[in-house]
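Here are the chains, one letter per residue:
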Amino acid sequence: MLMTKGRGGGTGAGLSRVSGALLAMSRHLEVRDVLKTIVVSARELLDAEYAALGVPDDHGGFAQFVVDGVSEEQWKAIGPLPRQHGILAAMLKDATPQRLADVRLDPRFGGWPSAHPDMSDFLGLPIADGDEVLGAVFLANKRCPKPQGGCGFTAEDEELLAILAQHAAIALTNARLYERSRELTIAGERARLAHELHDAVSQKLFSLRLTAQAATALVDRDPARAKDELQQIALLAAEAADELRSAVVELRPAALDEDGLVATLRTQVRVLDRAHSARVTFASHGVRALPAAQEEALLRVAQEALHNALRHADARQVDVTLTRHGQGARLRVVDDGRGFDPSAVRRAGRHLGLVSMRDRAGGVGGGLAVESAPGKGTAIEMEVPGG
């Protein structure tokens, strides 16, 4: 699949295109999405044929390297990622801009693989947060007539790319902080689930043990009662298995990256339907792929709503629907359980995960609505804007 081509305009494109590029960078929370948006925005804004961004590692290479203007086939044929040498090293180590009429004539140029596209005029800048160089963004082959022996990229282009690089540093730093926060959140959720699993299953197994002891004592002197106790053992064992299945699903969710949101939700709902006496259903209509952060937020909110319905609300029916909503999606989880008064829950400080769900929705630019009343069930609805 070919990557998008620039649409022209350069520095004359005006403030609206600059603003659009900055907004696009701030819209994403995943580091990889931010990097790609920076590269695409820079290439389109300055009307270059090629753009790339490298994030250095600590071993002379790159932890991440994102390109735009090169086909996937070309990229695979180019081979391993470049090392931190020559002009790239100058940008990363000295934090200096590089604007060249012909990169191939620079004494620091060390050549490139045979499958690499041919490049001439070059503009590169470091992306820095204070004294820390986070990466380098560079453009090649300005789409314009070149002055004799001169560079197509102008001083104004360099100034514009510098503004973009400053905002890219903020967006990249925020994305890294978000990913770290998410790691901590996931670790906290796992601890909560492990504690819940221990409590729930321990209670079931303790009851199972006591009932087995009672059945053993009754086998000879009261076989009929012993039979009743054995039936209770079977019931307790089934409940313990249900708790285990449900906890395992939450502790080890389906791979969102590989399967996508729809397949992941469908799998989890199917397992929960088997693991609980309540009927749990899932339906999806016209949902398109969403930014990774939004898909994860929708999944986590669905899990929390299902947890509340199945563990706390004594629901007999839970219906999960995921539908397209503009460029984004709408999730709705409805149960026929005992319900509650949302305002009373807030006053009492018992949130039933509502604060967490609202935080997740707000963190990806979405919104959450809760409808419930005592004896009337609960409906949780979340919308995200897409990308």
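Scoring rules and cut-offs
- Residues numbered from 1 in each chain as written.
- Predicted model: local features only at pLDDT ≥ 70, side-chain atom pairs only at ≥ 80, totals over all residues.
- Heavy atoms only, no water.
- Helix = DSSP H or I, 4+ residues; strand = E, 2+ residues; numbered from the N terminus.
- Buried < 20%, exposed > 50% of the residue type's maximum accessible area, 1.4 Å probe, protein only.
- Contact = heavy atoms within 4.5 Å.
- Areas by Shrake-Rupley, 256 points an atom, 1.4 Å probe, with all protein chains shown as cover.
- Salt bridge = Lys/Arg side-chain N within 4 Å of Asp/Glu carboxyl O.
- Pairing = 2+ DSSP bridges.
- Axes fitted to C-alpha atoms, helices over the stretch in contact; angles between N-to-C directions.
- Core = buried A, V, L, I, M, F, W, Y, C linked by side-chain atoms within 4.5 Å.
- pLDDT = per-residue confidence, 0-100.
- Arc of directions from axis to C-beta.

Draft legend 1. Examining the overall build of the protein more closely. Of regular secondary structure, the protein possesses ten helices and ten strands. Residues counted as buried form 43% of the 387 residues belonging to the protein. Long-range pairs, those at least 24 residues apart, make up 64% of the contacts in the protein with a sequence separation of at least 6. Carbon and sulfur atoms make up 54% of the accessible area of the protein, which totals about 19600 Å².

Draft legend 2. Seen up close, the pattern of salt bridges. For the structure shown, the criterion picks out 16 salt bridges. Salt-bridge contacts for Asp118 lead to Arg104; the nearest nitrogen and oxygen are separated by 2.9 Å. Of the two residues, Asp118 is situated in the loop between β3 (98–100) and β4 (122–129) and Arg104 in the loop between β3 and β4; the sequence distance between them amounts to 14 residues. Overall, the relative accessible area of 34% leaves Arg104 in the partly exposed class. Asp157 is the partner of Lys142 in a salt bridge, and the nearest nitrogen-oxygen pair spans 3.2 Å.

Draft legend 3. Representation of the sheet that holds strand β6 (residues 279–285) within the structure. As summarised here, the arrangement of the five strands in space is β6-β7-β8-β10-β9, forming an open sheet in which the pairing is mixed. Single-partner strands in this sheet number two, and they are β6 and β9 (367–372). The mean angle between the axes of side-by-side strands here comes to 10°, regardless of whether they run parallel or antiparallel. Here β9 runs beside strand β10 (residues 378–384); their pairing, made up of six bridges, is antiparallel.

Draft legend 4. Broad picture of the pairing of β10. For β10, the tally of buried residues reaches five of seven residues, placing the bulk of the element in the interior. Between β9 and β10, which follow one another and run antiparallel, lie five residues, and Gly375 among them has a positive phi close to 80°.

Draft legend 5. The arrangement of the environment of Arg83 in detail. Considering the arrangement of structural elements, one finds Arg83 in the loop between α3 (72–78) and α4 (86–93). Assessed through its relative accessible area of 45%, Arg83 is described here as partly exposed. Residues Arg83 and Gly61 lie 22 residues apart in sequence; the distance between their C-alpha atoms is 4.6 Å. Every residue in contact with Arg83, bar those within four places of it in the chain, is listed here: His59, Gly60, Gly61, Phe62 and Leu88.

Draft legend 6. Structural context of the nonpolar core. Within the largest apolar cluster, 36 residues are counted, with the highest numbers of intra-cluster contacts made by Leu298, Leu331 and Met382. Elements supplying a minimum of two residues to this core: α7 (256–275), β6, α8 (292–311), β7 (317–325), β8 (328–335), α10 (354–363), β9 and β10. Sort the elements by how many residues they give to this core and α8 lands first, with ten residues. Discounting residues that sit within four places of it in the chain, Leu331 has contacts with Leu265, Leu298, Val301, Ala302, Val320, Thr321, Leu322, Ile380, Glu381 and Met382. Within the second largest apolar cluster, 30 residues are counted, among which are Val39, Val66, Leu134 and Leu161.

Draft legend 7. Spotlight on the confidence of the model for the protein. Predicted confidence across the protein gives a mean pLDDT of 80, with 79% of residues reaching 70 or more. Here residues 1–14 is modelled with pLDDT under 50, and outside its nearest four sequence neighbours on either side it reaches 37 contacts, counting other chains as well.

Draft legend 8. Summary view of α10. Residues of α10 that are buried include every one of Leu354, Met357, Arg360 and Ala361, and no others. Each buried residue of α10 sits inside an arc of 125° when the element is viewed along its axis, so together they form one side. Looking at the residues trailing α10, positive phi occurs at Gly365, about 80°.

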